[in-house]
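Working through the structure, step by step
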Amino acid sequence: MIQANQLAKELLYMADDEWVIGSFLAEMSGGGPFVEENVAISSIAQDEIGHAEIIYNEILDLDSAFQWESADGFVHQRPVSGFKVSALVSAKTIDWAAIIVQHYFYEAADQYRVSQLIEVVEGRTKNVLGQMAREERYHHRHWHTWLSKMSATLEGKRRIQEEIYHYWPKLAGFFHGTFLADDQTTFQSVKKELTTLGFATPEIKEGFSGRGVLSDDVKLLITRSRVLVEGMSGGKW
Amino acid sequence: MVNNIDTVNENIIWECLYDVEDPELPISIVDLGIVNQVAIVRDETVNNGSKVFVDITPTFTGCPAWKEIEKRVIENVSLIENVTEVQVRLNYSTEWTLEKISLKGKAKLNEFGVAMSKIWRGKEIVRCPRCKATNVSRENEFGPTLCKMIYYCNDCREPFEALKSLL
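Residues numbered from 1 in each chain as written. Chains lettered and ligands numbered in written order. Predicted model: local features only at pLDDT ≥ 70, side-chain atom pairs only at ≥ 80, totals over all residues. Heavy atoms only, no water.

Turning next to the packing of helix 1 (residues 10-18) of chain B against helix 3 (residues 66-77) of chain B. Residue and element names in this part refer to chain B. Remark: helix 1 packs on helix 3, axes separated minimally by 9 Å, with the N-to-C direction vectors making an angle of 130°. With respect to each other, helix 1 and helix 3 are oriented oblique. The two elements helix 1 and helix 3 meet at a crossing, and its hand is right-handed. Here Ile13, Cys16 and Leu17 of helix 1 come into contact with helix 3, specifically with Val73, Asn76 and Val77. Tallied by class, residues from the contact of helix 1 with helix 3 come to five nonpolar, one polar and no charged. (Axes fitted to C-alpha atoms, helices over the stretch in contact; angles between N-to-C directions. Helix = DSSP H or I, 4+ residues; strand = E, 2+ residues; numbered from the N terminus. Parallel < 35°, antiparallel > 145°, perpendicular 65-115°, else oblique. Left-handed = near helix turned anticlockwise from the far one by under 90°. Contact = heavy atoms within 4.5 Å. Nonpolar A, V, L, I, M, F, W, Y, C, P; charged D, E, K, R; others polar.)

The next subject is the interface of chain B and chain A. Each partner contributes to the interface: chain B provides 25 residues, whereas chain A provides 25 residues. Summing both partners gives a buried area of about 2200 Å² for chain B against chain A, and 52% of it is carried by carbon and sulfur. When the buried surface of chain B facing chain A is broken down by residue, Thr61(B), Tyr92(B) and Phe142(B) rank first, second and third, together holding 32% of it. A salt bridge links Arg134(A) to Glu95(B); its shortest N-O distance comes to 3.7 Å. Summed over the shared surface of chain B and chain A, the result is nine residue pairs in polar contact (both at pLDDT 80 or more). (Buried area = accessible area lost by both parts, 1.4 Å probe. Salt bridge = Lys/Arg side-chain N within 4 Å of Asp/Glu carboxyl O. Polar contact = N/O pair within 3.5 Å; in protein donor to acceptor, adjacent residues only side chain to side chain.)

Under the local residue numbering, the UniProt record ascribes the feature "domain: MIP18 family-like" (unreviewed entry) to residues 13-88 of chain B. Between the end C-alpha atoms of residues 13-88 of chain B the distance is 13 Å, and the span holds 29% helix and 28% strand. (UniProt positions renumbered as here; feature names shortened; annotations may be inferred.)

Attention now moves to the pairing of strand 6 (residues 123-126) of chain B. All names here are of chain B. Summarising the sheet, strand 5 (residues 117-120) and strand 6 pair through four bridges and their orientation is antiparallel. Each residue of the ladder has a partner; that of Ser117, found in strand 6, is Val126. Hairpin remark: strand 5 followed by strand 6, antiparallel, with two residues in the connecting loop; positive phi at Arg121, about 50°. (Pairing = 2+ DSSP bridges.)

This part is about the domain arrangement of chain B. Residue and element names in this part refer to chain B. Looking at the assigned domains, one finds that chain B contains domain 1 (10-90) and domain 2 (113-163). In this complex, domain 1 contributes seven residues to the contact, which on the side of domain 2 involves five residues. Taken together, both faces of the contact between domain 1 and domain 2 bury some 500 Å²; the carbon and sulfur share is 82%. Our enumeration of links across domain 1 and domain 2 arrives at zero salt bridges. Counting every contact that joins domain 1 to domain 2 gives zero residue pairs in polar contact (both at pLDDT 80 or more). In terms of residue class, the side of domain 1 that touches domain 2 is built from four nonpolar, two polar and one charged. (Domains from an automatic or database assignment.)

Residues and elements named next belong to chain B. Spatial strand order, 1-2-3: three strands in an open sheet with mixed pairing. In this open sheet, the two edge strands, each paired with only one partner strand, are strand 1 (35-42) and strand 3 (83-90). Strand-to-strand, the axes of this sheet are offset by a mean angle of 20°, without reference to chain direction. Note: strand 1 against strand 2 (residues 50-56), seven bridges, orientation antiparallel. Bridge pairing links Val41 to Lys51 in strand 2. Set on the sheet, helix 3 makes contact with strand 2 and strand 3; between it and strand 3 the angle comes to about 160°.

Structure representation (structure tokens):
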């Protein structure tokens, strides 16, 4: 049985990942390759940020170590060193091929994480995670469709392949330091899907998580949301 | 003396909730099927007073319209005589699905130009809300709100929105 504070820690990893990946994607709204894609990324971004808010609220109920009034405290008042974002999410990019691979990897890992967390939580948290899982399926399918479309041309294939090599170690290390540490399920399912689409996958199994080592982009994101809220009374992220 | 008889009629609360329109869809939140329970508890501190609890299951967990819905419910239900406090509670113990939308709600949405989606024999079936054709193409699995997708009718050549089946 997992302890409440250990569970709160795992949920915090998830909420931080969701907040950052959603916020980075929101910044891409308007920067997608065509108008329909901009609708899609805005929608995914909104959903991820909404998930972060709900999970932060769940943590408030679970762990008395966090004393903020609402989810906003996690974003606006928490010491920056308290953000536990994974390296996979922390690396911001505006390159479209990189975004596809980063998000596809993240959604695959996130799907596994949610399915495992559902097994160990109870009550409302379990129900919330269950409902998030059915929404996340849309996200996963979206990035998988992009991979498949990109694999249709030589140039698309080359660019995606390059990004697969780049993000692979970050996916491989995604679960390091979490209670899901030794799992290979995500890894195997991603490998299988990529192979089916004709992509090569590296043999690296170790990788690194980089969780809590914040990139400048994440620090900037935190600062920017705080500046926004300070300048705008009653503002929300 | 403790009086256990409710000072507020539950039917009146439901009527009141019926007047609350969803901020993103032009139908009542009751027709949308997101209100799943109303509870009335005597407020012992006020003569004849009662507290009202409204349980809501949002269509999507990340739905940003939720705060606005909460505000509208509180504003409306607070108007009822003897209601001293209104609380809106998020309820995730049940899942919202398209089946929770009332027939009247579905007809209204259709009239407005929002179609339903159905999964039949593993295939997604969507009918154009204008000409009823099934000769439609999905332009986008996402839409202007979390719960919608964008479709195009190949018969009447009009774009339209459809609600996600979430299956």
